[in-house]
Amino acid sequence: VAVVGAGVNPGFVLDRLPAFLSQVTGPVRHVRAVRVVDTSRARPALVAKSGAGLDEETFHARADAGEIGHVGLAESAALAAAGCGLEVDEVDEEIIPLVAEEEMRAPLAIPRGRVAGLQHLARAYFEEREIVRLELTFAAGASDPHDEVELDADPPVRIVIPGGLAGLAATANAVVNAAAPVVERTGLITVLDLLRPTSPPDPETLPNVVEARDLERGWTTVERARHGERPRALHYIQALATDFFPL
């Protein structure tokens, strides 16, 4: 039996997606991921945890009590770091109220000066240097809803999903698509485990017949090639040459 928590956030946009993108880069130095959601037409539970309609004093009191904000953002920061091969020794969070500058009438009525939503930040550090920054905005009337992931790496990577992934539909699909890999595992796993095949491909599923031992040998080569501490070009150059000047 295996257990995994799957979803779009947490579970994909701010943790698994950065880890997935890191598979096509060199060592990652910093991860920044953003999700902006307009809660004007969101489900009541999401509106409630955004603090919409509250005064600022009540907002801060409820945030301190853990009644407002996004559950799992700090864990997503730690997962994103782990998936990108980064060590973490500290994670912190900050919840900032976003106040309506003018009265909002429909579809969600919010008086001017009341909270329209929040920005929830999670930051992961290693040796006092920020290595992961997650920015999550839930607000009525939020401008430019989108998802964004940016990796400071070689080469750098940045993707933007205009409008952002549809929360409910994406969550349902994430759960359904996790079913097959989960049944092949045991114990408590994370969404990062869903990125990794459990075993070499089955020869019977390939167009050409390949000996199982050849597949196993090839899969071992793949694992070594993707190892976080694998030798890189400069290691070989320094071992082969006493003097090296890059052009």
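By convention here, each chain's residues receive numbers from 1 onward along its written sequence. Totals for whole chains, interfaces and linings use all residues, but because this is a predicted model, local features are given only for residues with pLDDT of at least 70 and pairs of side-chain atoms are given and counted only at 80 or more. Think of the side-chain values as coming from all heavy atoms in the structure, minus any hydrogens and water.

Undergrad: In this structure, what is going on with the nonpolar core? I would like to understand it.
TA: Nonpolar side chains tend toward joint burial in soluble globular proteins. Residues V28, V31, L86, V132, L134 and L151 are the most contacted members of the largest nonpolar core, which totals 27 residues. Helix and strand assignments come from DSSP, with helices taken as H or I runs of at least 4 residues and strands as E runs of at least 2, each series counted from the N terminus. Looking at this core, the element that brings in the most residues is strand β5 (residues 129-139), giving 5 residues. The criterion used for residue contact is that any of the two residues' heavy atoms lie within 4.5 Å. The contacts of L134, once residues within four sequence positions are left out, are L14, A33, L73, S76, A77, H120, L121 and A122. Only buried residues count toward a nonpolar core, which is a set of Ala, Val, Leu, Ile, Met, Phe, Trp, Tyr and Cys residues joined through side-chain atoms within 4.5 Å. In this scheme, a residue with accessible area under 20% of its type's maximum is buried, one over 50% is exposed, and one in between is partly exposed, where area comes from a 1.4 Å probe on protein chains only. Judged by nonpolar contacts, the second largest core, of 6 residues, contains A2, V182, V191 and L194.

Undergrad: Any chance you could explain the sheet that holds strand β4 (residues 115-126) here in plain terms?
TA: Two pairing modes exist for strands in a sheet, parallel and antiparallel, and in both the strands are linked by backbone hydrogen bonds. The rule for pairing is simple: two strands pair if DSSP sees at least two bridges between them. A sheet is described by the order of its strands in space; here 6 strands give the open sequence β3-β4-β5-β2-β6-β7, paired in mixed fashion. Each of the sheet's edge strands pairs with one partner strand only, and the pair in question is β3 (90-99) and β7 (157-162). Strand-to-strand twist across the sheet, computed as the mean angle between neighbouring axes with direction ignored, equals 10°. Pairing geometry for strand β2 (residues 30-38) and β5, over 8 bridges, is parallel. Across the sheet, D38 pairs through a bridge with A139, a residue of β5. Axes here mean lines fitted to C-alpha atoms, for a helix over just the part in contact, with angles spanning 0 to 180 degrees between N-to-C directions.

Undergrad: Would you mind going over the confidence of the model for the protein chain with me for this structure?
TA: For residues with low pLDDT, the predicted coordinates do not support detailed interpretation. In this model, the protein chain carries an average pLDDT of 85, and 85% of its residues clear a pLDDT of 70 or more. The predictor rates its confidence in each residue with pLDDT, a number between 0 and 100. A low-confidence stretch, residues 206-210 (pLDDT under 50), is modelled with 4 contacts involving residues beyond four sequence positions or located in other chains.

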